[in-house]
Amino acid sequence: MRRSLSAAALAAALAAGALVVPGSSSFASTEVVDPDISVTNAKAHLDQFQTIATNNGGNRYTGRPGYKASADWVKAKLDAAGYTTTLQQFNTSAGTSYNVIAEWPFGDANHVVMAGSHLDSVSSGPGINDNGTGSAGVLETALAYAASGQTPRNRLRFGFWGAEELGLLGSKYYVNGLPAAERDKIELYLNFDMIGSPNPGYFVYNDNPAGNGARDDLTTYFTSKSIQTEYIDVQGRSDHAAFRSLGIATAGTFTGAEGTKTSAQATKWGGTAGQAYDPCYHRSCDTITNLNLTALDRNIDAIGHMIWNYAQKDYGSGPPPGGSNLLVNPGFESGAVNWTGTSGVVPTARPSRPAPGPGRRGCRVTAAPAPRTPVSRWRSRPRRRRPRCRSGSGSTPPRQPRRRSTTRSRCRWSTAVRRRRWRRTRT
Ligand code: PHE
Ligand code: CA
Ligand code: ZN
Ligand code: ZN
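I will try to describe carefully the structure that is included in this document. (Residues numbered from 1 in each chain as written. Chains lettered and ligands numbered in written order. Predicted model: local features only at pLDDT ≥ 70, side-chain atom pairs only at ≥ 80, totals over all residues. Heavy atoms only, no water.)

## Quick word on the packing of aromatic side chains
Moving on, step 1. Under the counting rule described, the total for this entry stands at 17 aromatic pairs.
Moving on, step 2. Between the aromatic rings of Trp161 and Tyr174, the centroid separation amounts to 5.2 Å while the plane-to-plane angle is 45°, which identifies the pairing as tilted. Pair noted here: Trp161 is in strand E6 (residues 154-161) and Tyr174 is in helix H5 (residues 169-177), with a separation of 13 residues, a long-range link. Accessibility assignment for this pair places Trp161 and Tyr174 in one class, buried.
Moving on, step 3. Members of the aromatic cluster, joined through ring pairs, are Tyr202, Phe203, Tyr221, Phe222, Phe254, Trp269 and Tyr277.
Moving on, step 4. We note Lys68 situated over the ring of Tyr98; from NZ or CZ to the ring centre the distance is 5.3 Å.
Moving on, step 5. When the ring centre of Trp269 is taken as origin, the NZ or CZ atom of Lys268, which lies over that ring, is 5.0 Å away. (Phe/Tyr/Trp six-rings, centres within 6.5 Å; stacked < 30°, edge-to-face > 60°. Helix = DSSP H or I, 4+ residues; strand = E, 2+ residues; numbered from the N terminus. Buried < 20%, exposed > 50% of the residue type's maximum accessible area, 1.4 Å probe, protein only. Lys NZ or Arg CZ within 6 Å of the ring centre and 35° of its normal.)

Encoded structure:
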């Protein structure tokens, strides 16, 4: 259902860098030209969030009118751009909340590429950096994609989460409500929470057990723009954790919250050493003046790079392997204790992939594994002892019907574990 490009759409496509030209890339057999996501437009969205807060008691907190007004406004923008949108309502201890879900109704629905951000603020302020910036960036990227006139290879979906500040409630509600078959179609979830901090750092999430392909694409992108990045282990402090716990590949960027910028960071990034990345984090002063627009622009262009490229990524035919899901929450946003607020390179050593073996979906049963030492810091639970399911050669295994049997199957990994193993070579 490729739509023909009108002259106006072609001009928009050119402006948004939408043209796909032949060449080689890690994503597909075509090279995607990166878009320039408009920081002027993103700033206008932030002005709107500020106005909404100002007109509604100074915040956009769950259960208060400023949150619903934010959700209604974002949904209307996406509706007008041609997205298929849903306002997903759920209850919290602070009152009713809403997720806004927007899908671009073209591309292969078996391969869903998602980006998201939380739309709620804390009660003490308007939440312009946290997380007006992520929301404005994801929104503007979605609008720019629609304006580009492209038909993606994959299905693009954008999520604006409610009640993150109460413990990732909106994103958890969303993933919990997805049928297993729908969860299994999500190839990647990209999260953006605080991307315009006034004393910015350039952090890339490094807590992605399902695969670091998207992380590496982000760092490569920033490097190509001569922006140095640091890895950060965000743990359960933002909404990607809800997706990560299903074994879905995640990645994201962050310009810093309450942590203090070091002198080494000030040397490479500018700004003020010894001061917080965002001194107004969770405070009433997180207003429209609590921004670094250069950091915001760099991060929204990174969102554009990822969306434009993953829209075209060749995931092969058929959905990712499915299975029964075990939603274990590895963390939480409020009062998280296992994230130190420091940054730096996090060890990523993982066991190497075993040799391929025969059997169902490229799996075979071997002797029970010897106890292993934890391989990444995010995993707080001990690994469950299960029959070992060895993944295949790295090529795409044939699509198989999901097993619904309650008896022990031969490859009885949780979806999280299976997808983690499966995706290690794919993202
Ligand atoms: N999720 C945190 C908040 O909303 C901020 C944060 C984002 C912290 C990303 C770490 C990493 O308060
Ligand atoms: Ca830009
Ligand atoms: Zn917050
Ligand atoms: Zn936040």
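Anyway, onward from the coordinates.
## Focus on the coordination of the zinc ion (ligand 3)
Moving on, step 1. Here the zinc ion (ligand 3) is held by the protein donor atoms Asp130 (OD), Glu165 (OE), Glu165 (OE) and His282 (NE2), which lie 1.9 to 2.6 Å from it.
Moving on, step 2. Coordination at the zinc ion (ligand 3) comes from six donor atoms whose angles at the metal span 56 to 155°, giving a geometry best classed as irregular.
Moving on, step 3. Between consecutive donor residues of the zinc ion (ligand 3), the sequence gaps follow D-x34-E-x116-H.
Moving on, step 4. A distance of 3.5 Å spans the gap from the zinc ion (ligand 3) to the zinc ion (ligand 4), which Asp130 bridges by coordinating each metal. On the criterion of sequence distance, the pair formed by Asp130 in helix H4 (residues 128-148) and Glu165 in the loop between E6 and H5 is long-range, its members being 35 residues apart. Exposure class is identical for Asp130 and Glu165. Each is buried. (Donors = N, O, S within 2.8 Å, 3.2 Å for Na, K, Ca; no water. Tetrahedral: all angles 85-135°; square planar, octahedral: opposite > 155°, others 65-115°.)

## Details of the site of ligand 1
Moving on, step 1. Near ligand 1 lie 13 residues; those nearest to it are Glu164, Asp193, Arg237, Tyr281 and His282.
Moving on, step 2. Tyr281 places a side-chain nitrogen or oxygen 2.5 Å from an oxygen atom of ligand 1.
Moving on, step 3. Between ligand 1 and His282 there is a distance of 2.8 Å, counted from an oxygen atom to a side-chain nitrogen or oxygen.
Moving on, step 4. For ligand 1, whose free accessible area comes to 320 Å², the fraction covered by protein is 100%.
Moving on, step 5. Looking at the shell around ligand 1 residue by residue, the classes come out as four nonpolar, three polar and six charged. (Near = heavy atom within 4 Å. Polar contact = N/O pair within 3.5 Å; in protein donor to acceptor, adjacent residues only side chain to side chain. Areas by Shrake-Rupley, 256 points an atom, 1.4 Å probe, with all protein chains shown as cover. Nonpolar A, V, L, I, M, F, W, Y, C, P; charged D, E, K, R; others polar.)

## Some details on the packing of helix H2 (residues 39-54) against helix H3 (residues 65-80)
Moving on, step 1. At their nearest, the axes of H2 and H3 sit 9 Å apart, and the two run at 150° to each other. Considering the angle they form, H2 stands roughly antiparallel to H3. Classified by chirality, the crossing of H3 by H2 is right-handed. Taken together, the residues of H3 that come into contact with H2 (itself represented by His45, Gln48, Phe49 and Ile52) are Gly66, Ala69, Ser70, Trp73, Val74 and Lys77.
Moving on, step 2. Residue composition of the contact of H2 with H3, grouped by class: five nonpolar, four polar and one charged. (Axes fitted to C-alpha atoms, helices over the stretch in contact; angles between N-to-C directions. Parallel < 35°, antiparallel > 145°, perpendicular 65-115°, else oblique. Left-handed = near helix turned anticlockwise from the far one by under 90°. Contact = heavy atoms within 4.5 Å.)

## Here's the deal with the coordination of the calcium ion (ligand 2)
Ideal donor angles around a metal are set by the shape: a four-donor tetrahedron calls for 109.5 degrees, a six-donor octahedron for 90 or 180 degrees.
Moving on, step 1. Around the calcium ion (ligand 2), the protein contributes the donor atoms Asp36 (OD), Ile37 (O), Asp297 (OD), Asp301 (OD) and Asp301 (OD), at 2.2 to 2.7 Å from the metal centre.
Moving on, step 2. Taken in sequence order, the residues that donate to the calcium ion (ligand 2) follow the motif D-I-x259-D-x3-D. One end of the pair, Ile37, is in the loop between strand E2 (30-32) and H2; the other, Asp301, is in helix H10 (residues 293-312), with 264 residues separating them in the sequence.
Moving on, step 3. Here Asp301 falls in the buried class, since its relative accessible area comes to 13%.

## Considerations on the state of the cysteines
Moving on, step 1. Tallied over the entire structure, the rule returns one disulfide.
Moving on, step 2. Through a disulfide, Cys280 is tied to Cys285; the S-S separation comes to 2.1 Å. On the sign convention where negative means left-handed, the S-S torsion of about -110° between Cys280 and Cys285 marks this disulfide as left-handed.
Moving on, step 3. A residue is classified by how much of its surface remains accessible, and Cys285, at 25% relative accessible area, is partly exposed. (Disulfide = S-S within 2.5 Å.)

## Here's the deal with the pairing of E6
In summary, the side chains of a regular strand alternate between the two faces of the sheet.
Moving on, step 1. Of all the eight residues making up E6, eight are buried; the element is thus mostly covered by neighbouring parts of the structure.
Moving on, step 2. As paired elements, strand E5 (residues 108-118) and E6 share eight bridges and run parallel to each other. Within the sheet, the bridge partner assigned to Val113 lies in E6 and is Leu156.
Moving on, step 3. Handedness of the crossover joining E5 and E6 through H4: right-handed. (Pairing = 2+ DSSP bridges. Right-handed = clockwise from strand over helix to strand, strands pointing away.)

## Focus on the sheet that holds E6
Moving on, step 1. Taken together, eight strands build an open sheet; the order of strands is E3-E4-E6-E5-E7-E10-E8-E9 and the sheet is mixed. Only two strands of the sheet have a single partner each, and these edge strands are strand E3 (84-92) and strand E9 (230-232). Between one strand axis and the next, the sheet turns through 25° on average, direction left out of account.

## Regarding the side chain of Glu103
Moving on, step 1. With respect to the helices and strands, Glu103 occurs in strand E4 (residues 95-103).
Moving on, step 2. What makes Glu103 buried here is its relative accessible area of 17%.
Moving on, step 3. Of note is the side chain of Glu103, whose polar atom sits 2.6 Å from the side chain of Arg157.
Moving on, step 4. When near neighbours in sequence (up to four residues on either side) are disregarded, Glu103 contacts Tyr83, Thr84, Arg155, Leu156 and Arg157.

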